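What follows is each chain in one-letter form.
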Amino acid sequence: MNIFLKDVDSSNYEAVCDLEVFEGQEEYVACNMWSLVESHYNKGHTCKAIYQDDTPVGFLMWVQESPEQVSIWRFMVDKNYQKAGIGSVALKIALEEIMRTSNLKIIEICYNPQNPVAKEFYSRYGFQEVGMDEEDEDMLAQILL
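Residues numbered from 1 in each chain as written. Predicted model: local features only at pLDDT ≥ 70, side-chain atom pairs only at ≥ 80, totals over all residues. Heavy atoms only, no water.

A.B. asks: Where do I start with the overall build of the chain in this structure?
C.D. replies: The number of helices and strands found in the chain is four helices and seven strands. Each helix (α) and strand (β) of the chain, taken in turn from the N terminus, gives the series β-α-α-β-β-β-α-β-α-β-β. For the chain, with 145 residues in total, the buried portion stands at 41%. A total of about 8600 Å² of accessible surface is found on the chain, and carbon and sulfur atoms cover 47% of it. With 11 positive and 25 negative side-chain charges, the chain shows a spacing of 7 Å between the two charge centroids. (Helix = DSSP H or I, 4+ residues; strand = E, 2+ residues; numbered from the N terminus. Buried < 20%, exposed > 50% of the residue type's maximum accessible area, 1.4 Å probe, protein only. Areas by Shrake-Rupley, 256 points an atom, 1.4 Å probe, with all protein chains shown as cover. Lys, Arg positive; Asp, Glu negative; His and termini not counted. Charge placed at Lys NZ, Arg CZ, Asp CG, Glu CD.)

A.B. asks: Please clarify how a negative patch on the surface should be interpreted in this entry.
C.D. replies: A cluster of acidic side chains, namely E134, E135, D136 and E137, defines a negative patch on the protein surface. Checked against the element boundaries, E134 lands in the loop between β6 (128-132) and β7 (139-144). (Patch = residues over 30% accessible without salt bridge, like charges linked within 9 Å, V, L, I, M, F, W, Y side chains within 5 Å. Salt bridge = Lys/Arg side-chain N within 4 Å of Asp/Glu carboxyl O.)

A.B. asks: How should the sheet that holds strand β1 (residues 3-7) be read in this particular structure?
C.D. replies: Sheets are built from strands that pair by backbone hydrogen bonding, the pairs being arranged parallel or antiparallel. With respect to topology, seven strands assemble into an open sheet ordered β1-β2-β3-β4-β5-β7-β6, the strand pairing being mixed. The sheet is open, and its two borders are formed by β1 and β6, each paired with just one other strand. Neighbour-to-neighbour, the strand axes of the sheet open up by a mean angle of 30°, direction not taken into account. Across five bridges, the pairing between β1 and strand β2 (residues 45-52) is antiparallel. Following the sheet pairing, K6 is matched in β2 by A49. Relative to the sheet, helix α2 (residues 32-41) contacts β2, β3 (55-66) and β4 (69-77), its axis offset from that of β3 by approximately 40°. (Pairing = 2+ DSSP bridges. Axes fitted to C-alpha atoms, helices over the stretch in contact; angles between N-to-C directions. Contact = heavy atoms within 4.5 Å.)

A.B. asks: Explain α2 to me, please; I cannot follow it from the model alone.
C.D. replies: Because an α-helix completes one turn every 3.6 residues, residues spaced three or four positions apart along the sequence face the same direction. Buried within α2 we find N32, S35, L36, E38 and S39. Viewed along the axis of α2, the buried residues span an arc of 160°, placing them on a single side of the element. Facing away from the buried side of α2, by more than 90 degrees, are the exposed residues W34, H40 and Y41. Along its buried surface, α2 packs onto α1 (13-18), β2, β3 and β4. (Arc of directions from axis to C-beta.)

A.B. asks: Help me understand the packing of aromatic side chains in this model?
C.D. replies: Each aromatic ring pair is specified by the distance between its two centres and by the angle formed by the two planes. Here the structure, examined in full by the defined rule, presents seven aromatic pairs. When the ring of F75 is compared with that of Y122, the centres are 6.4 Å apart and the planes differ by 50°; the resulting orientation is tilted. Residue F75 is located in strand β4, and its partner Y122 is located in helix α4 (residues 118-123); the two are separated by 47 residues in the primary sequence. Judged on exposure class, the residue F75 and its partner Y122 are both buried. Here the aromatic rings of F121 and Y125 are separated by 5.4 Å at their centres, their planes lie at 55°, and the arrangement is tilted. Ring pairs connect the aromatic residues F75, Y111, F121, Y122, Y125 and F127, which therefore count as one cluster. (Phe/Tyr/Trp six-rings, centres within 6.5 Å; stacked < 30°, edge-to-face > 60°.)

Any functional reading would require information that these geometric values do not contain.
Below is the structure:
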């Protein structure tokens, strides 16, 4: 299984927009199209397509919140490619790339506390829950470096 991240650009943005999760998972992830629009009009956003060989199978977006903090805002794997270990490999690659950020001290991610797999999945990569976000809607978890 050849999994890698590639910048979202004019060659693959449509394929990224076409990626979908299962019904019932939709409440846990934002629309990829909206995320790409958001990244276009705001600074510090990095958008990556998750590829398996030559096929886009997922999407990641992270934001440089400050010189010391990066937040992973979007992470999804298409419904046709879930449960194959792709998300695990992609998150590991993304974290390695994010950790190359100079002066980085915190990597954070938010997720719906009702998401049945999020806490266990993210904790395997060192994320520790620190409480609810400012809007009291999502759980905030961090890796402190």
